[in-house]
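In case you want the letters, here they are:
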Amino acid sequence: MPAVPGRVDLEQPVWVSVEKGDVAALDEALFKSAPLAQNQRVAIYKFAPSELGRLADGMHRAMRRAPGFFAYDTLEAALEDLKTPPEPQARAYSLDQGVRVRELLPLVKEESIVSAITSLSSYRNRYYRGATGVDASKWLQQLWGSYAEGRPDISVEAFKHAAFQQESVILTMRGAAEPEKVIVIGGHLDSIAGSGDNPAPGADDNASGVAVTNEIIKVLIAGGYRPAKTIKFMAFAAEEAGLRGSGDVSAAFQKEGVKVEGMLNLDMTNYKGSEKDIYFVSDNTSADQNAFLGKLIDTYLGYTWGSFKCGYGCSDHASWSKKGYPASTPFESTYEQCNPYIHKAVDTLAQTGGRAEHSLKFARLGLAYAVELAK
Ligand code: BES
Ligand code: ZN
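Everything numeric here is computed off the predicted structure, so don't read it as measured data.

**Concerning the overall build of the protein chain**
- Helices and strands together make up the secondary structure of the protein chain, namely 11 helices and 13 strands.
- For 375 residues, the compact-globule formula gives about 21 Å, and the C-alpha radius of gyration of the protein chain, at 19 Å, lands near that figure.
- With respect to the three principal axes, the spread of C-alpha positions in the protein chain is 60 × 45 × 40 Å.
- Out of the 375 residues belonging to the protein chain, those deemed buried represent 57%.
- Put simply, 83% of the contacts in the protein chain that link residues at least 6 apart link residues at least 24 apart.
- Roughly 15100 Å² of accessible area belongs to the protein chain as shown, and the carbon and sulfur atoms make up 53% of that amount.

Rendered as structure tokens:
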């Protein structure tokens, strides 16, 4: 039974799809009963929400052999994962907005990113089922709402989820020429440490991605930029609970036939753990769009970049890829050298000396991406 919006039963079960090869890497006790449905690749199980923490923990311990999981409100939604995902439509990428991009780049400010990370990480946690997780979403709705003042082409919406109270946040900058074509830029708003109400400042995972998203919006507005295509900036709820916020939003877009031409996922941007500046997640993402982002870096930014495989659907890009939309995640380090403090009370801004130098690069890349894609 789908949940009644507004009356959320916190112990309502979730249906989870897992790659079958991955089940073997996990604690057997988690999979004591037979799957409800399966094909050669994927199996569907029913879980109590309180068991998801153990599922995610097991995943992190297994690291490279790590399984991913997608959680859904209903069995019907989970069954969709038994289908082969659609191939993204091939599209042409071009770089010809150099004048505009170079004019906007200097407007990106580290202090402004620091300030957004500070605000978001000041909540005890941004847990998707907790009061402070709801508060953080409301705070962002207000902040983004203030950007819409005096801009009739900008609107802000709280995207409600049937199964939990934390809302995803969407700021739409309507395209002046081809508004039906949409570019999505964003990252997850929630944070987690274990499960429940534990302190989880999530400064890097993922206040840093939301702060970068916020900075891109601010710079586009400050620069008087008006896109030809529509840009939707998003902060997703409940990523840490199985990509549930982005799962719901992308499913709604797919159902309505929204033409998403590109999705840029920003998840963990402020911890420089590896030699190169930016690493692209190469699995469950679009190879063509990743190559385009590499070209944007070479042309406008001069940063060093590489790529790595998560080995599972490690963040919100996977929700969009699964719907056939081209998605990418530029990441702060390699997988092995990622921030060791995430999902703990110590994921604070102090770990990066109160600075956002690394995040700055992602805001500059996101800005170039927006201008070159929404033309
Ligand atoms: N930001 C992480 C993903 C991540 C961590 C990518 C380290 C690369 C290196 C994300 O918020 C997360 O924790 N994802 C979960 C999976 C999700 C389906 C619950 C994970 O990686 O366990
Ligand atoms: Zn994250």
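**Side note on the sheet that holds strand β1 (residues 14-19)**
- Across the sheet, which stays open at both edges, the four strands sit in the order β2-β3-β1-β4 with antiparallel pairing between neighbours. Of all the strands in the sheet, just β2 (37-38) and β4 (69-72) have a single pairing partner and so form its edges.

**Section: the packing of aromatic side chains**
- Within the structure shown, the criterion is met by 11 aromatic pairs.
- When the centroid spacing of 5.7 Å and the interplanar angle of 90 degrees are considered together, the rings of F253 and W320 count as edge-to-face. You can see F253 sitting in helix α8 (residues 244-255) and its partner W320 sitting in helix α10 (residues 317-322), a full 67 residues away along the chain. Neither residue differs from the other here; F253 and W320 are each classed as buried.
- When the centroid spacing of 6.2 Å and the interplanar angle of 85 degrees are considered together, the rings of Y312 and Y335 count as edge-to-face. With Y312 in the loop between β11 (305-308) and α10 and Y335 in the loop between β13 (330-331) and α11 (357-373), this residue pair connects regions lying 23 residues apart in the sequence.

**Considering the layout of surface pockets**
- In this structure, the largest pocket spans a volume of roughly 1200 Å³.
- Along the walls of the largest pocket sit 46 residues, with Y72, D81, A318, K322 and K323 positioned nearest its centre.
- Of all the elements in the fold, those that place two or more residues in the lining of the largest pocket are β1, β4, β5 (154-161), α8 and α10.
- The dominant element in the lining of the largest pocket, judged by the number of residues it contributes, is α8, at six residues.
- For the lining of the largest pocket, the two domains that each supply at least three residues are domain 1 (14-82) and domain 2 (98-373).

**Things to note about the pairing of β11**
- Covered by surrounding structure in β11 are G306 and F308 only, the residues W305 and S307 on the alternate face being uncovered.
- Summarising the sheet, strand β10 (residues 278-281) and β11 pair through four bridges and their orientation is parallel. From the neighbouring strand, I278 faces β11, where its bridge partner is W305.
- Regarding topology, helix α9 (residues 287-301) serves as the crossover connection from β10 to the parallel β11, and that connection is right-handed.

Rules of the game
Throughout this document, residue positions are counted from 1 along each chain, in the order its sequence is written. Here the convention is simple: chains get letters from A, ligands get numbers from 1, in the order in which they are written. Per-residue local features are limited, in this predicted model, to residues with pLDDT of at least 70; the limit for side-chain atom pairs, both in listing and counting, is 80 or more; totals at the level of whole chains, interfaces and linings are taken over all residues. Side-chain figures throughout are based on the complete set of non-hydrogen atoms in the structure, without hydrogens or water. Starting at the N terminus, helices and strands are each numbered in turn, a helix being any DSSP run of H or I of at least four residues and a strand any DSSP run of E of at least two. In this treatment the radius of gyration is a C-alpha quantity, and the globule benchmark scales as 2.2 Å times the residue count to the 0.38 power. Throughout this description, buried means an accessible area under 20% of the type-specific maximum (1.4 Å probe, protein chains only), exposed means over 50%, and partly exposed covers the range between. What makes two residues a contact is simply this: any of their non-hydrogen atoms within 4.5 Å. Working definition of accessibility: Shrake-Rupley area with a 1.4 Å probe, residue cover restricted to the visible protein chains. The pairing criterion for strands is at least two bridges between them, as found by DSSP. Note on ring pairs: Phe, Tyr and Trp rings are taken, using the six-membered ring of Trp, and paired if centres are within 6.5 Å. Classes follow the plane angle, with under 30 degrees stacked, over 60 edge-to-face and the rest tilted. Buriedness of a pocket was judged along seven lines, with at least five required to meet protein on both sides within 12 Å; pockets are open sets of points on a 1 Å grid over the protein atoms alone, cavities are sets where a 1.4 Å probe fits but cannot get out, and lining residues have an atom within 4 Å of a point. Grid points are joined across faces, edges and corners, and a volume is the space filled by probe spheres set on the points. Either an automatic procedure or a domain database provided the assignment from which the domain bounds are taken. Convention used here: a crossover is right-handed provided that the path from the first strand, over the helix, to the second strand proceeds clockwise when the strands point away from the viewer.

By themselves, these figures tell us nothing about what the structure is for.
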